[in-house]
Amino acid sequence: MEQKTKSIVWDLPVRVFHWGIVVLMGGLWWTAEQGEMEWHQILAYVLAALLVMRWFWAAAGSQTAKFSDFIRSPKAVISYALNRSPSPTLGHNPLGGYMVLALMLMLTVQLVTGLFATDDIFTEGPLYAYVSSEQASWLTWLHKTNFTALQIFIAAHILAVILHQFKGDKLIQAMFSGKKLHDSALDSPKMKSAITAWIVLLIALGLLGYFLIWPIYQFM
């Protein structure tokens, strides 16, 4: 019988980002549906701060938070997908790694296009005035279209997590606690102090809060 051990696999910055995205995406969808565009923008800027922190942490964070740990070659991804008994991984598997990268890129596109978007009635992004009306129209279309694609990718991600749960890979519990039960033959991932991640997050929140969130709040 294989010996099992439990290790920290997801550090706090990764977990805060993950569950922050879950809450904020729900809030962003609801505020857009209800026409609460001031709150929609505020939530978007909070999401932007989280994304800044996560992009930083993907380069300078703990082992399982780094792109270098889970972004594999296309050949490795295909091999993993076709293997009926793939080797266990502590962090993201090759397929999951590409999903994380895709979601982060799509979230970034969503935020950037939103800066130039307009509803042609009351609300305009803070950079709307810096592009032509035709460019703003195209970026608004991309903002809406990208969100539809983002919903599809999120649904696929949730489905994959549920399948892993049924197979005994308790990803949801691990994303709450940070800990994961694994074969003791696998080395525990190296964790890094999260201080720099929190500093980056606070700076991003401070700058976005001062230049973008506070002006909106004053007129609410």
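Described in the following lines is the structure provided in the data block. (Residues numbered from 1 in each chain as written. Predicted model: local features only at pLDDT ≥ 70, side-chain atom pairs only at ≥ 80, totals over all residues. Heavy atoms only, no water.)

**Considering the overall build of the chain**
Reasoning step 1: Counting its regular elements, the chain contains 8 helices and 2 strands.
Reasoning step 2: Along the chain, helices and strands appear, N-terminal first, in the series β-α-α-α-α-α-α-α-β-α.
Reasoning step 3: Dimensions of the chain, computed from the C-alpha atoms along their principal axes, are close to 65 × 35 × 30 Å.
Reasoning step 4: The buried share among the 220 residues of the chain stands at 39%.
Reasoning step 5: Summarising the internal contacts of the chain: among those between residues at least 6 apart in sequence, 73% fall at separations of at least 24.
Reasoning step 6: Taken as a whole, the chain presents about 13,300 Å² of accessible surface, with 67% of it coming from carbon and sulfur.
Reasoning step 7: Side-chain charges of the chain comprise 15 positive and 13 negative groups, with the mean position of each set lying 18 Å from the other. (Helix = DSSP H or I, 4+ residues; strand = E, 2+ residues; numbered from the N terminus. Buried < 20%, exposed > 50% of the residue type's maximum accessible area, 1.4 Å probe, protein only. Contact = heavy atoms within 4.5 Å. Areas by Shrake-Rupley, 256 points an atom, 1.4 Å probe, with all protein chains shown as cover. Lys, Arg positive; Asp, Glu negative; His and termini not counted. Charge placed at Lys NZ, Arg CZ, Asp CG, Glu CD.)

**Considering the packing of helix 5 (residues 94-114) against helix 6 (residues 133-166)**
Reasoning step 1: Packing of helix 5 against helix 6 leaves a shortest axis separation of 9 Å and a crossing angle of 155°. With respect to each other, helix 5 and helix 6 are oriented roughly antiparallel. Note that helix 5 runs across helix 6; the crossing there is left-handed. Contacts between helix 5 and helix 6 involve Met99, Ala102, Leu103, Met106, Leu107, Val109, Gln110, Thr113 and Gly114 on the former and, on the latter, Leu139, Leu142, His143, Asn146, Phe147, Ala149, Leu150, Phe153, Ile154, Ala156 and His157.
Reasoning step 2: Split by residue class, the contact of helix 5 with helix 6 holds 14 nonpolar, 6 polar and no charged. (Axes fitted to C-alpha atoms, helices over the stretch in contact; angles between N-to-C directions. Parallel < 35°, antiparallel > 145°, perpendicular 65-115°, else oblique. Left-handed = near helix turned anticlockwise from the far one by under 90°. Nonpolar A, V, L, I, M, F, W, Y, C, P; charged D, E, K, R; others polar.)

**As for the environment of Gln110**
Reasoning step 1: Within the element layout of this structure, Gln110 appears in helix 5.
Reasoning step 2: The class of Gln110 is buried, set by a relative accessible area of 11%.
Reasoning step 3: Each C-alpha atom, one on Gln110 and one on Leu142, is 8.1 Å from the other, the two residues being 32 residues apart in sequence.
Reasoning step 4: Ignoring anything within four residues of it in the chain, the contact list for Gln110 reads His143, Asn146 and Phe147.
Reasoning step 5: Only 2.9 Å separates the side chain of Gln110 from the backbone oxygen of His143, close enough to count as a polar contact. (Polar contact = N/O pair within 3.5 Å; in protein donor to acceptor, adjacent residues only side chain to side chain.)

**A look at helix 5**
Reasoning step 1: When the terminal C-alpha atoms of helix 5 are compared, their 31 Å separation across 21 residues agrees well with the 30 Å that a helix rising 1.5 Å per residue should span.
Reasoning step 2: For helix 5, the full list of buried residues reads Pro94, Gly97, Met99, Val100, Ala102, Leu103, Met104, Met106, Leu107, Gln110, Leu111 and Thr113.
Reasoning step 3: Contacts from the buried residues of helix 5 go to helix 1 (12-34), helix 2 (37-60), helix 3 (67-70), helix 4 (74-82) and helix 6.
Reasoning step 4: At the N-terminal end of helix 5, a side-chain oxygen is found 3.0 Å from the backbone nitrogen of Leu95, two or three residues along, and the residue is Asn93. (Expected span 1.5 Å × (residues − 1).)

**Brief notes about the side chain of His40**
Reasoning step 1: Within the fold, His40 resides in helix 2.
Reasoning step 2: A polar contact is formed between the side chain of His40 and the side chain of Thr31, at a distance of 3.1 Å.
Reasoning step 3: Setting aside chain neighbours within four positions, we find His40 in contact with Leu28, Thr31, Ala32 and His143.

**Here's the deal with the nonpolar core**
Reasoning step 1: Phe17, Met25, Leu47, Met53, Leu107 and Leu150 are the most contacted members of the largest nonpolar core, which totals 39 residues.
Reasoning step 2: If you list the elements that add at least two residues to this core, you get helix 1, helix 2, helix 3, helix 5, helix 6, helix 7 (171-177) and helix 8 (195-218).
Reasoning step 3: Top element by residues in this core is helix 2. It accounts for 11 residues.
Reasoning step 4: Here Leu150 is in contact with Met25, Leu103, Met106 and Leu107, once residues within four sequence places are set aside. (Core = buried A, V, L, I, M, F, W, Y, C linked by side-chain atoms within 4.5 Å.)

**Description of a nonpolar patch on the surface**
Reasoning step 1: A cluster of nonpolar side chains, Ile195, Ile199, Ile203, Leu207, Tyr210 and Phe211, forms an exposed patch at the surface whose accessible area comes to about 670 Å².
Reasoning step 2: Inspection of the secondary structure assignment puts Ile203 in helix 8.
Reasoning step 3: Taking the relative accessible area as the measure of exposure, Ile203 reaches 49% and is therefore partly exposed. (Patch = residues over 30% accessible without salt bridge, like charges linked within 9 Å, V, L, I, M, F, W, Y side chains within 5 Å. Salt bridge = Lys/Arg side-chain N within 4 Å of Asp/Glu carboxyl O.)

**Some points on helix 1**
Reasoning step 1: Counted at 1.5 Å a residue, the expected span for helix 1 with its 23 residues is 33 Å, and the 32 Å between its end C-alpha atoms agrees.
Reasoning step 2: Those residues of helix 1 that are buried are in contact with helix 2, helix 5, helix 6, helix 7 and helix 8.
Reasoning step 3: In the stretch just after helix 1, Gly35 is the one whose phi turns positive, near 75°.

**Re the packing of helix 2 against helix 8**
Packed helices, taken two at a time, are described by the angle their axes make and the gap between the axes.
Reasoning step 1: Running from amino to carboxyl end, helix 2 crosses helix 8 at an angle of 155°, the nearest separation of the two axes being 9 Å. Taken together, helix 2 and helix 8 sit at an angle that is classed as roughly antiparallel. Two packed elements cross with a definite hand, and for helix 2 against helix 8 that hand is right-handed. Touching Glu38, Gln41, Ile42, Tyr45, Val46, Ala48, Ala49, Leu50, Val52, Met53, Phe56 and Trp57 of helix 2 are Thr196, Ala197, Trp198, Val200, Leu201, Ala204, Leu205, Leu208, Leu212, Ile213 and Ile216, all from helix 8.
Reasoning step 2: For the contact of helix 2 with helix 8, a count of residues per class yields 20 nonpolar, 2 polar and 1 charged.

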